[in-house]
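Per-entry structural report
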Amino acid sequence: MSKVRDHVERWVNASWYGSFRWTLIFLPLLPVVWSLVWLKRRVTAQKARPVDSRVPVIVVGGITAGGTGKTPCLIALSQTLIKRGYNVGVVSRGYGRKSPETTIFVEAEHSAEDVGDEPLLIKHTVPGVHVLVAQSRQEAVLRLLEAKTVDVILSDDGLQHYPLYRDFEILVMDASRGLGNGFLLPVGPLREPRSRLSSVDCVLVRNGVHPTTSFVYVIKGFRSVITGERLSLDAGLAAWQGAQVVAATGLGQPEQYFEMLKRKGLTFDTLTVADHAVLPMEEIAAGYVPDVVLITEKDAVKLKGPACDNVWVVEIEALLPSHLVDQLDKLMGQRGE
């Protein structure tokens, strides 16, 4: 089933972001989809009301299906706000979680099946944040404010979750993919019309060209999944030159990850699975007999026990533009007055 899903995902992306155009068969559905999107936003967004005027809610999301870098941006925002002395809360739906509990405060000991891979990744990377998953982000905000003392709440995705009142919206997109073919789902990757870009407070573009909106990933180093040992970027690159390396991931846009490693001079085989899927470590070990397997943090939190002891996490950080940080300082300053 996983391999079928992988193929379908690639086939759809080839039409949305490439030259393959098979999804144009859904063009007759566009007027209906556009009307539903417009009505949902028009009716629901007007009913959204702030639950605590002292605690701003910041939504970090996108309007395209697939990976754009939302979660790394949210992690970087959390770290920035914590450094400034704020108590940070994060709400998420916990995509892919299988726990029957409606709301869960995420702890490092949870599994990705309990709470979802991205909320668990956030908690692992920024232990000081309060992360709550719930089916409704609005419900999560209410529960978070009841149970914890927070100065600001970040929503992991949720631009289209209109019942959630928000004080600040950050839309994340990828420079190379852009808006794809520009059509709404299912013809294209857009969850909302492109006009939505003009209504948000900030647009962040991964690998963009404008300094006020562009953000980039940098590799901080590598961490052993088994021992926790850390290597600097230079030490890892030197140790693995000439080795049999496999770079594997279940990211929504794996090309970005592979290209980042290639730019550092690494030579490797690649393996991808569908977004949020679990890496088949036993297959990797048996099929490639690798000296080193490089995976992302998002993949690492889903591992139940790697089949080989040479798995290393590529530790990545999103560098946000100073203009956004200035906007957040202004927002938090206004709430502190």
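Data block above holds the structure.
The shown structure was predicted, so the numbers you read here are calculated from the model rather than taken from an experiment.

Okay, the overall build of the protein next. Along the protein, the regular secondary structure elements total 11 helices and 13 strands. Expected size for 337 residues packed as a compact globule is a radius of gyration near 20 Å; at 20 Å, the protein falls within 12% of this value. On the principal axes, the C-alpha backbone points of the protein span a range of 60 × 50 × 45 Å. Long-range pairs, those at least 24 residues apart, make up 71% of the contacts in the protein between residues at least 6 apart in sequence. Carbon and sulfur atoms make up 54% of the accessible area of the protein, which totals about 15,800 Å².

Taken together, Trp34, Trp38, Leu39 and Val43 make up a surface patch of nonpolar side chains, about 400 Å² in accessible area. With respect to the secondary-structure elements, Val43 resides in helix 2 (residues 30-45).

In this section: the pattern of salt bridges. Overall, the coordinates contain 13 salt bridges when judged by the stated rule. Salt-bridge contacts for Asp52 lead to Arg54; the nearest nitrogen and oxygen are separated by 3.0 Å. The exposure class of Asp52 is buried, given its relative accessible area of 17%. Residues joined in a network through salt bridges with shared partners are Arg166, Glu169, Glu192 and Arg196.

For the rest of this paragraph, the subject is helix 8 (residues 254-263). Every buried residue belonging to helix 8 is among Pro254, Gln256, Tyr257, Phe258, Met260 and Leu261, and all of these are buried. Backbone geometry just downstream of helix 8 places Gly265 in the positive-phi region, at approximately 95°.

What follows is about the pairing of strand 4 (residues 130-134). Burial analysis of strand 4 places four of its five residues in the buried class, the great majority of the element. Of the pairings in the sheet, the one linking strand 2 (residues 88-92) to strand 4 comprises four bridges and is parallel in character. Within the sheet, the bridge partner assigned to Val90 lies in strand 4 and is Val131. Alignment of strand 3 (residues 103-105) against strand 4, held across three bridges, turns out to be antiparallel. If you follow Phe105 over to strand 4, its bridge partner there is Leu132.

Moving on, we come to the packing of aromatic side chains. Taken as a whole and assessed by the stated rule, the structure comprises nine aromatic pairs. Ring centres of Trp11 and Trp22 lie 4.4 Å apart, and the angle between their planes is 15°; on these two criteria the pair is classed as stacked. Linking Trp11 in helix 1 (residues 2-17) with Trp22 in the loop between helix 1 and helix 2, this pair joins segments that are 11 residues apart in sequence. A relative accessible area of 44% means that Trp11 is categorised as partly exposed. Ring geometry for Trp34 against Trp38: centres 6.5 Å apart, planes inclined by 10°, an arrangement best described as stacked. Of this pair, Trp34 and Trp38 both sit in helix 2, four residues apart, which is roughly one turn of that helix. Counting every residue linked through ring pairs, the aromatic cluster contains Trp11, Phe20, Trp22 and Phe26. Over the ring of Phe105 we find Lys148, and its NZ or CZ is 5.2 Å from the ring centre. Its end group placed over the ring of Tyr17, Arg177 keeps NZ or CZ at 4.2 Å from the ring centre.

What follows covers the nonpolar core. Leu154, Ile170, Leu204, Leu261, Leu294 and Leu324 are the most contacted members of the largest nonpolar core, which totals 54 residues. Ranked by residues supplied to this core, first place goes to helix 3 (residues 70-83) with six residues. Apart from residues no more than four positions distant in its own chain, Leu294 is found in contact with Phe222, Trp240, Val245, Val246, Ala247, Ala248, Tyr257, Leu261, Leu266, Trp312 and Val314.

Let us look at the environment of Arg97. When you line up the elements, Arg97 lands in the loop between strand 2 and strand 3. Under the relative-accessibility criterion, Arg97 is labelled buried at 13%. It is 22 Å that separates the C-alpha atoms of Arg97 and Cys73, two residues lying 24 residues apart in sequence. Contacts of Arg97, omitting those with residues within four sequence positions, involve Thr102, Ile104, Ala112, Glu113, Asp114, Val115, Gly116, Val133, Ala134 and Gln135.

It is worth spelling out the pairing of strand 5 (residues 152-156) at this point. Of all five residues in strand 5, five are buried, a share of seventy percent or more. Both faces of strand 5 are covered, namely the face carrying Val152, Leu154 and Asp156 and the face carrying Ile153 and Ser155. For strand 1 (residues 57-61) and strand 5, the ladder comprises four bridges, and the chain directions are parallel. Each residue of the ladder has a partner; that of Val59, found in strand 5, is Ser155.

Quick look at the side chain of Gln138 now. Tracing the sequence through the fold places Gln138 in helix 6 (residues 137-147). Setting aside chain neighbours within four positions, we find Gln138 in contact with Arg49, Val51, His161, Pro163, Leu164 and Tyr165.

Calculation criteria
Residues numbered from 1 in each chain as written. Predicted model: local features only at pLDDT ≥ 70, side-chain atom pairs only at ≥ 80, totals over all residues. Heavy atoms only, no water. Helix = DSSP H or I, 4+ residues; strand = E, 2+ residues; numbered from the N terminus. Rg over C-alpha atoms; globule rule 2.2 N^0.38 Å. Contact = heavy atoms within 4.5 Å. Areas by Shrake-Rupley, 256 points an atom, 1.4 Å probe, with all protein chains shown as cover. Patch = residues over 30% accessible without salt bridge, like charges linked within 9 Å, V, L, I, M, F, W, Y side chains within 5 Å. Salt bridge = Lys/Arg side-chain N within 4 Å of Asp/Glu carboxyl O. Buried < 20%, exposed > 50% of the residue type's maximum accessible area, 1.4 Å probe, protein only. Pairing = 2+ DSSP bridges. Phe/Tyr/Trp six-rings, centres within 6.5 Å; stacked < 30°, edge-to-face > 60°. Lys NZ or Arg CZ within 6 Å of the ring centre and 35° of its normal. Core = buried A, V, L, I, M, F, W, Y, C linked by side-chain atoms within 4.5 Å.

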